[in-house]
Amino acid sequence: MPRPIYDVYPDKDALSHHAVELFIHHCQQAVAHQAMFRVALSGGSTPALLYDLLAHPEYKDRIVWEKVELYFGDERGVPPDDADSNFRMVKEHLLEPLGETQVTIFPMMCGLDPDEDARHYEETLRAGFGLDPHGVPRFDLILLGMGADGHTASLFPHKASLHVTDRLVTPAEPGLKPFVTRLTLTYPVLNNAAHVLFLVAGEDKAETVKRVFDGEPLPEELPSQAVKPTDGELMWLLDQSAASSL
Ligand code: 6PG
């Protein structure tokens, strides 16, 4: 299996500076076609610096924010002000620093009824993308991270959520901390995107990156391996530590 397209950067700072340029490029492409630029944001810690940069005047002013719609790739079953909330991370690193700049964002709330919350977010996606009840959204860009266990979004190894193909969003059993129920976009949505961009940094990911890139196809064990847009571009941005086993 050929390796996905990837670039290696000296560190997370360099990786994030390239990622922000890619974000702007894809945004300008969408806007040039008078379209909205719809993005699914990743959670975790790696993309925080990218979000900081997006709110920095040097980059912020190159984005047509009124044409941007921000969604989430996954969310943890915690309150939006919880330290483990992906929404809180995005709020701290992007929304608050953007200040007066109006941004359209659709938080993925995961509360006491994850199945109902998943259905609610599916409706949010259908409305946002103007889909019929059987339509699958085609994101212009989906940002993803990868855990050391090979998970992406909240698609964890050997969990039932890997096999949900008749829904856009599903409740997901966690495989790593925080051990709370999650919501996640499903593979049909991830693999329908125009562009998928993995941002992966850190020595702890190196062995898993090697397995995902060069190992046997083991999508149950390495869910990140199964992210292969059917009619879109997949790219991995790695720092040197995460690429050190390649
Ligand atoms: C989440 C993320 C998850 C994340 C990876 C990597 O909600 O946890 O969506 O898929 O991208 O766990 O996390 P780090 O960037 O913190 O290593």
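Located above this text is the structure these notes cover.
Predicted model only: the values in this text are computed from it and were never measured. (Residues numbered from 1 in each chain as written. Predicted model: local features only at pLDDT ≥ 70, side-chain atom pairs only at ≥ 80, totals over all residues. Heavy atoms only, no water.)

### Considering the overall build of the protein
Check the secondary structure of the protein and you find seven helices and 10 strands. Computed over the C-alpha atoms, the radius of gyration of the protein is 17 Å, within 12% of the 18 Å expected from 2.2 N^0.38 for a compact globule of 246 residues. Over its C-alpha atoms, taken along the principal directions, the protein stretches across nearly 45 × 40 × 35 Å. Looking at the 246 residues of the protein, the share that counts as buried comes to 53%. Pairs at least 24 residues apart make up 75% of the contacts formed inside the protein by residues separated by at least 6 positions. (Helix = DSSP H or I, 4+ residues; strand = E, 2+ residues; numbered from the N terminus. Rg over C-alpha atoms; globule rule 2.2 N^0.38 Å. Buried < 20%, exposed > 50% of the residue type's maximum accessible area, 1.4 Å probe, protein only. Contact = heavy atoms within 4.5 Å.)

### So, the environment of S224
Here S224 lies in the loop between α7 (206–214) and β10 (233–239). Along the primary structure S224 and V212 are separated by 12 residues, whereas in three dimensions their C-alpha atoms are 7.2 Å apart.

### A word on the sheet that holds strand β5 (residues 104–105)
Ordered in space as β1-β10-β9-β6-β2-β3-β5, the seven strands form an open sheet in which the pairing is parallel. Strand pairing shows two members of the sheet lacking a second neighbour, β1 (5–9) and β5, which therefore form its edges. Bridge analysis of strand β2 (residues 37–41) against strand β3 (residues 68–72) gives five bridges, and the strand direction is parallel. Paired with A40 across the bridge in β3 is Y71. Along the sheet face, helix α4 (residues 86–98) touches β2, β3 and β5 and points at about 150° away from the line of β3. Sitting on the sheet, α7 is in contact with β1, β9 (195–200) and β10, with an inclination near 150° to β10. (Pairing = 2+ DSSP bridges. Axes fitted to C-alpha atoms, helices over the stretch in contact; angles between N-to-C directions.)

### Section: helix α5 (residues 114–129)
The first and last C-alpha atoms of α5 sit 22 Å apart over 16 residues, in line with the 22 Å expected at 1.5 Å per residue. Among all positions of α5, only P114, D117, A118, Y121, E122, T124, L125, R126, G128 and F129 are buried. For α5, the secondary structure elements touched by its buried residues are β2, β3, β7 (169–172) and β8 (182–185). Of the residues one or two after α5, G130 is the one with positive phi, at around 65°. (Expected span 1.5 Å × (residues − 1).)

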